[in-house]
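Residue strings, one per chain:
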Amino acid sequence: MSPSRRPGASGGAGHIPPCILAVLLLSTPSAAEPSTGVRTNTARLMGTDAAEVIDAPVLGLQRTALPLFAGLAVDTSVYADVMLAPNVGLRWAMAAGPHRLVLGARYTQFVGASLYSSIVESETPSIQRFEPELSGPSFYGVYGLALGPLLVQGEARYAHYTSDYLSFTGGVAFNFTGPWSVVGEAGVRVKGGATLRAAAGLRYGGEHLGFGLGVTYVDLSDPAVPGEELPVLPVLDLSWTFR
C-alpha cells in the first residue's frame, strides 16, 4: 500500500517556497507605493503659486519658507533677493478633502535702482534717464481641486508698484509617475496692460529634493533692457525640504 501524500507536498521544480513567493509578490508593480498626487515642495507650479500646504521648512530658489502654525508660513523668493529685491511674505494654506485654498501677501523693497539705471543708461545712450520702481506690496489667492493625480487651480494676483498689476491664471498639474508631475498654466494680465501669460514644464517633488524646469511666456519688455522684447523666459527651481 503506497504511503499517503499530503496536498501540496508533491516534489519537483514546481514547488515555490513561501519566502521566495513573498519576495516576488512585493516586487511586482501592483505592490509599488501609490502616488500621493501633485507635490512641488515649494508650493509653486511654474509662474504661479500652487494650491499646496507647506508642511515642512524648505530652502528653494523660487521659495524659501518656514511653516509656523495652522497653515501659516513665512517665506521669501531667493531669486528676487539675489536680483537686489529683498522680500518677505506671509502665506496661509488649508486642505479640506479635495479642496485647497491659499491666501498670501508679500512686500518687496527694490534696492538695485541705481545699479540698474547706470547699466542701462551706459549701454543705451539714447535713454537719458531710467529709474525702475519695483517696490511695493502684492497679494494673491489660489483655489485648487485635487482629484487624485490631477490638480486644477485658479490664481488671482494683485501688486501695487509704480502702477497697479492684476492677473488671473489657471493651472493644471498631473502626477504621471512617482514624484513627477507635468504642469501647464494659462492666464491674462488685465491691469497693467492686457497680456497673455502661459507656462509649461515638469515638477519633481520628492521626500526632500524638489526640482522644476520649464518655460513661461510673459510677453513683457525686460525693464533692464528697454525696447527689447523678452517674451519667453526659462523657469528653473531647486529646493530641499527638511522633513
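Check the entry above for the structure.
Here we summarise the structure given alongside this text. (Residues numbered from 1 in each chain as written. Predicted model: local features only at pLDDT ≥ 70, side-chain atom pairs only at ≥ 80, totals over all residues. Heavy atoms only, no water.)

1. Here's the deal with the pairing of strand β10 (residues 195–205)
Link 1 in the chain: Of the two faces of β10, only one is covered, namely that formed by Thr195, Arg197, Ala199, Gly201, Arg203 and Gly205; the face formed by Leu196, Ala198, Ala200, Leu202 and Tyr204 stays uncovered.
Link 2 in the chain: Strand direction decides the pairing type here: strand β9 (residues 180–191) and β10, joined by 10 bridges, are antiparallel. The residue of β10 that forms the bridge with serine 181 is arginine 203. (Buried < 20%, exposed > 50% of the residue type's maximum accessible area, 1.4 Å probe, protein only. Helix = DSSP H or I, 4+ residues; strand = E, 2+ residues; numbered from the N terminus. Pairing = 2+ DSSP bridges.)

2. Description of the environment of serine 239
Link 1 in the chain: The topology assignment puts serine 239 in strand β12 (residues 229–241).
Link 2 in the chain: With near-sequence residues (within four places) excluded, serine 239 lies in contact with Asn41, Thr42, Val58, Leu59, Gly60, His208, Leu209 and Gly210. (Contact = heavy atoms within 4.5 Å.)

3. Details of the nonpolar core
Link 1 in the chain: If you look at the biggest cluster of nonpolar residues, it comprises 14 residues, and the most contacted ones within it are Leu45, Met46, Val102, Leu151, Ala173 and Val183.
Link 2 in the chain: The residues touching valine 102, leaving out its near neighbours within four places in the chain, are Asp49, Ala50, Ala51, Glu52, Arg91, Trp92, Ala93, Tyr140, Gly141 and Val142. (Core = buried A, V, L, I, M, F, W, Y, C linked by side-chain atoms within 4.5 Å.)

4. Things to note about the environment of leucine 209
Link 1 in the chain: Within the fold, leucine 209 resides in strand β11 (residues 209–221).
Link 2 in the chain: Taking the C-alpha atoms as reference, leucine 209 lies 9.5 Å from threonine 40; in sequence the two are 169 residues apart.
Link 3 in the chain: Those residues in contact with leucine 209 that lie beyond four places of it in its chain are Asn41, Tyr204, Leu238, Ser239 and Trp240.

5. Some details on the pattern of salt bridges
Link 1 in the chain: In the structure shown here, the tally under the stated rule is 8 salt bridges.
Link 2 in the chain: The shortest N-O distance in the salt bridge between arginine 63 and aspartate 49 comes to 2.6 Å. Taken together, the positions of arginine 63 in the loop between β1 (58–60) and β2 (64–67) and aspartate 49 in the loop between α1 (18–26) and β1 put the pair 14 residues apart, joining distant regions of the chain. Both residues of the pair, arginine 63 and aspartate 49, belong to the buried class.
Link 3 in the chain: For arginine 106, the salt bridge goes to aspartate 75, with nearest N and O atoms at 3.0 Å. Within this pair, whereas arginine 106 is found in strand β5 (residues 99–108), its partner aspartate 75 is found in strand β3 (residues 72–76), the two being separated by 31 residues in sequence.
Link 4 in the chain: Judged by its relative accessible area of 4%, aspartate 75 is buried. (Salt bridge = Lys/Arg side-chain N within 4 Å of Asp/Glu carboxyl O.)

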